[in-house]
Amino acid sequence: MPHSHPINVSLSELHLTGIPGLQHLHHWIAIPFCIMYVVTLAGNGTLLCVIKAEPSLHLPMFLFLSMLAVIDLVMSTSITPNMLGIFWFRSTAISLDACLTQMYFVHAFSVMESGVLVAMAFDRYVAICNPLQYLSILTSPVVAAIGFATWLRGVAFMSPLTFCIHRLPFCGPALVAHSYCEHMAVLRVACGDTAFCNTYSLSVSTYVGSFDSLLIVLSYMLVLRAVFSLSSPEARRKAFSTCGSHLCVMALFYVPGLLSMYMERYCQELPPHVQVLLADLYLLIPPAFNPLIYGIKTKQIRDGALRVISR
């Protein structure tokens, strides 16, 4: 049964609809969402514990992987419990401040994840193209500086958008046609001039997606050139295996994310539930699959996990 459209004059709180048009299926949709969240918590938590407990994994590649795991945990936890509350208990109400906080965390950490993926591509470039200088280039201070830069970029890009939306007047039906506080859905509730917020969000999304993707493609083109020059088939196989897992993670992140953003803006004829489901899966699938991909594809992590378990 569809939810009613609550009216809130002061708009101290908003109401999330969940997935528009599929409210009658919320109980069933929540099951795979809950499974993915449990896998996210277990997989990323295990990954962090193994990397921390195994000294042989205290290398730049695995430090970047730890950053990715923390970001995935924060992104998933910022939306999934709230979505499950909507789907199972019809707990649609969320305060305006909590909604803006959730929006900030989701989008800021998405930008941070993109930055970490660029750092991981650079890490593979250095490891394969300059293996003898790997540890002298990617020292602990350099890795920490890269991590801080990715955090700072996410904060710097999202703070103006959040501040802009916070200053907008909200009126009319306090209904956000989404399962979490996605910024475009929140802007539709505003009754002021949203032109700057729309332009800014599109500009940042396009810049982050295109610029970071370009850097990643450039890194892996150089990596592939170096891989094909290796004389040992075993060395080529190991390099392809490592790079393949990275490329899978990056495809899981960028493809649904860019599709979700541009379809919501330019494919208005699509049913709303398709757009919302795509936006949900963009934030749920990569955090669940990232640790599985790395755990299966990366031999050092498999061996490290076995050593930790044996101890």
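Residues numbered from 1 in each chain as written. Predicted model: local features only at pLDDT ≥ 70, side-chain atom pairs only at ≥ 80, totals over all residues. Heavy atoms only, no water.

Re the UniProt feature "transmembrane region" (unreviewed entry) in the chain
Here the UniProt feature "transmembrane region" (unreviewed entry) sits at residues 28-50, 62-84, 104-122, 134-152, 207-228, 240-262 and 274-294. The annotated region residues 274-294 carries 100% helix and 0% strand content, and the separation between its end C-alpha atoms amounts to 29 Å. (UniProt positions renumbered as here; feature names shortened; annotations may be inferred. Helix = DSSP H or I, 4+ residues; strand = E, 2+ residues; numbered from the N terminus.)

Section: the side chain of His178
For His178, the location among the structural elements is in the loop between β3 (175-176) and α6 (183-187). Once you skip the residues sitting within four places of it in the chain, His178 turns out to touch Leu16, Thr17, Gly18, Ala185, Val276, Ala279 and Asp280. (Contact = heavy atoms within 4.5 Å.)

A few points about the sheet that holds strand β1 (residues 13-16)
Backbone-to-backbone hydrogen bonds pair the strands of a sheet. The strands run either parallel or antiparallel. Across the sheet, which stays open at both edges, the three strands sit in the order β2-β1-β3 with mixed pairing between neighbours. Sheet topology places β2 (93-95) and β3 at the edges, where each strand pairs with a single neighbour. Looking at chain direction, β1 and β2 are connected through three bridges and run antiparallel. Looking at the pairing, Leu14 lines up with Ile94 of β2. Together, β1 and β2 form the strand contacts of helix α3 (residues 96-129), whose direction differs from that of β2 by roughly 85°. (Pairing = 2+ DSSP bridges. Axes fitted to C-alpha atoms, helices over the stretch in contact; angles between N-to-C directions.)

A word on the layout of surface pockets
A volume near 190 Å³ is recorded for the second largest pocket. As for the second largest pocket, its lining consists of Val39, Gly43, Thr46, Leu47, Val50, Pro291, Leu292, Gly295, Ile296, Ile301, Arg302 and Ala305. Sorting the residues of the lining of the second largest pocket by element identifies α1 (26-53), α9 (272-297) and α10 (299-310) as the ones contributing at least two each. When residues of the lining of the second largest pocket are assigned to their parent elements, the largest contribution, five residues, is made by α1. In the lining of the second largest pocket, the residues fall into eight nonpolar, three polar and one charged. (1 Å grid on protein atoms, 1.4 Å probe; cavity = no way out; pocket = protein on both sides within 12 Å on 5 of 7 lines; lining within 4 Å. Points joined across faces, edges and corners; volume = space filled by probe spheres on them. Nonpolar A, V, L, I, M, F, W, Y, C, P; charged D, E, K, R; others polar.)

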